[in-house]
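Chain residues, written in single-letter form:
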Amino acid sequence: QAKARGRGCIQFFAPEMNRRAAERHELESDLRTAIAQDQLSLYFQPQIAPGTEQMIGAEALLRWHHPQKGLILPARFIPVAEDSGHLMVSIGNWVIEKACAQARAWLDAGYPPVRISVNVSIVQLRNKDFSIYVENLLQRYRLTPDLLQLELTESIIMSDIAGAAEQVRKIKDMGIHIAIDDFGTGYSSLSYLKDLPVHELKIDKSFVHNILTDVNSAAIVKAIIRMAQGLGLRVIAEGVENQEAMDFLIQNECEGAQGYFFGKPITPSAFEAQFFG
Ligand code: C2E
Ligand code: MG
Ligand code: MG
Ligand code: MG
């Protein structure tokens, strides 16, 4: 009896696992044609200086308009692309090129220069030619390197401290800015901060969301702001959703803020209308 029930459990889970594996497989094969069929696009979300409300940058966020499934968010397809490896390289390269093209288009339109932040996957950073690829793009689109910032997570850096450090240094030597994304949620080691030449810490939204309700989150946000100041790094809070969170950031002299309070990620033309209008 027990044995039968045990089997039953396995039978219960197996179809669910198969279904997920099948979905990933399907996404992966659809992703292969997504670039060629023009289904990927970059949305942009403003980054603001608390207090003055001046725009200090914009983050490029990837969107996939699937012909049957509709809009798919990166949390669902980036891991699939990363598993395949080369898919992530082609998508990641496409993202950086698209961001550079957008920066050039905005300059040509006469808008004030905006630093665009782009998320980078560990898979891209493992490629030894990554920094050369980026350097060529800056040349092709006639951009100064300070107009581009690459966002890396702590876990990327910690997973391969030596290799990543080498790539990060090359990128930094070119004058491109580096931000640590989701800061505070990766490994707890801070030692990389003294060795890695980064420019900015992005405080993870899980802390920012709880600023008002959880004293520990508030203390962590304050401590990260102080630490960034001490290290001479820029610091920006992600996930700012309301005036109260803004007030907290102003009070604690946080340099930057990004979140639904100022605007969700939107298409380039909507971004122009709303922030360059
Ligand atoms: P991330 O880089 O930490 O980006 C911030 C995420 O938080 C974005 O989700 C953004 O839409 C969301 N967000 C911004 N403000 C708020 C807010 O006030 N409240 C809440 N609840 N959320 C907010 P999104 O666009 O779904 O992207 C999720 C993650 O996917 C990104 O996290 C990043 O890790 C990854 N990703 C996005 N685009 C790319 C890309 O081009 N390449 C790579 N490798 N990863 C990407
Ligand atoms: Mg990011
Ligand atoms: Mg983040
Ligand atoms: Mg994230």
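Residues numbered from 1 in each chain as written. Chains lettered and ligands numbered in written order. Predicted model: local features only at pLDDT ≥ 70, side-chain atom pairs only at ≥ 80, totals over all residues. Heavy atoms only, no water.

In the nomenclature of an unreviewed UniProt entry, the protein corresponds to cyclic-guanylate-specific phosphodiesterase from the organism Marinobacter panjinensis.

Turning next to the pairing of strand 6 (residues 177–183). Most of strand 6 is tucked away: 6 of the 7 residues are buried. The pairing of strand 5 (residues 148–153) with strand 6 spans 5 bridges and is classified as parallel. Bridge assignment links Thr 153 to a residue of strand 6, and that residue is Asp 181. Note that strand 6 and strand 7 (residues 200–203) share 3 bridges and pair parallel. Directly across from Phe 183, in strand 7, lies its bridge partner Ile 203. (Buried < 20%, exposed > 50% of the residue type's maximum accessible area, 1.4 Å probe, protein only. Helix = DSSP H or I, 4+ residues; strand = E, 2+ residues; numbered from the N terminus. Pairing = 2+ DSSP bridges.)

With that out of the way, let us pick up the confidence of the model for the protein. Across the protein, the average pLDDT comes to 91, with 94% of residues at 70 or higher. Interface confidence in the predicted complex, given as ipTM, is 0.98; pTM for the same model is 0.93. (pLDDT = per-residue confidence, 0-100.)

Our next topic: the environment of Trp 94. Following the sequence through the fold, Trp 94 ends up in helix 3 (residues 86–108). The class for Trp 94 is buried, based on a relative accessible area of 18%. Separated by 59 residues in sequence, Trp 94 and Ile 35 place their C-alpha atoms 8.0 Å apart.

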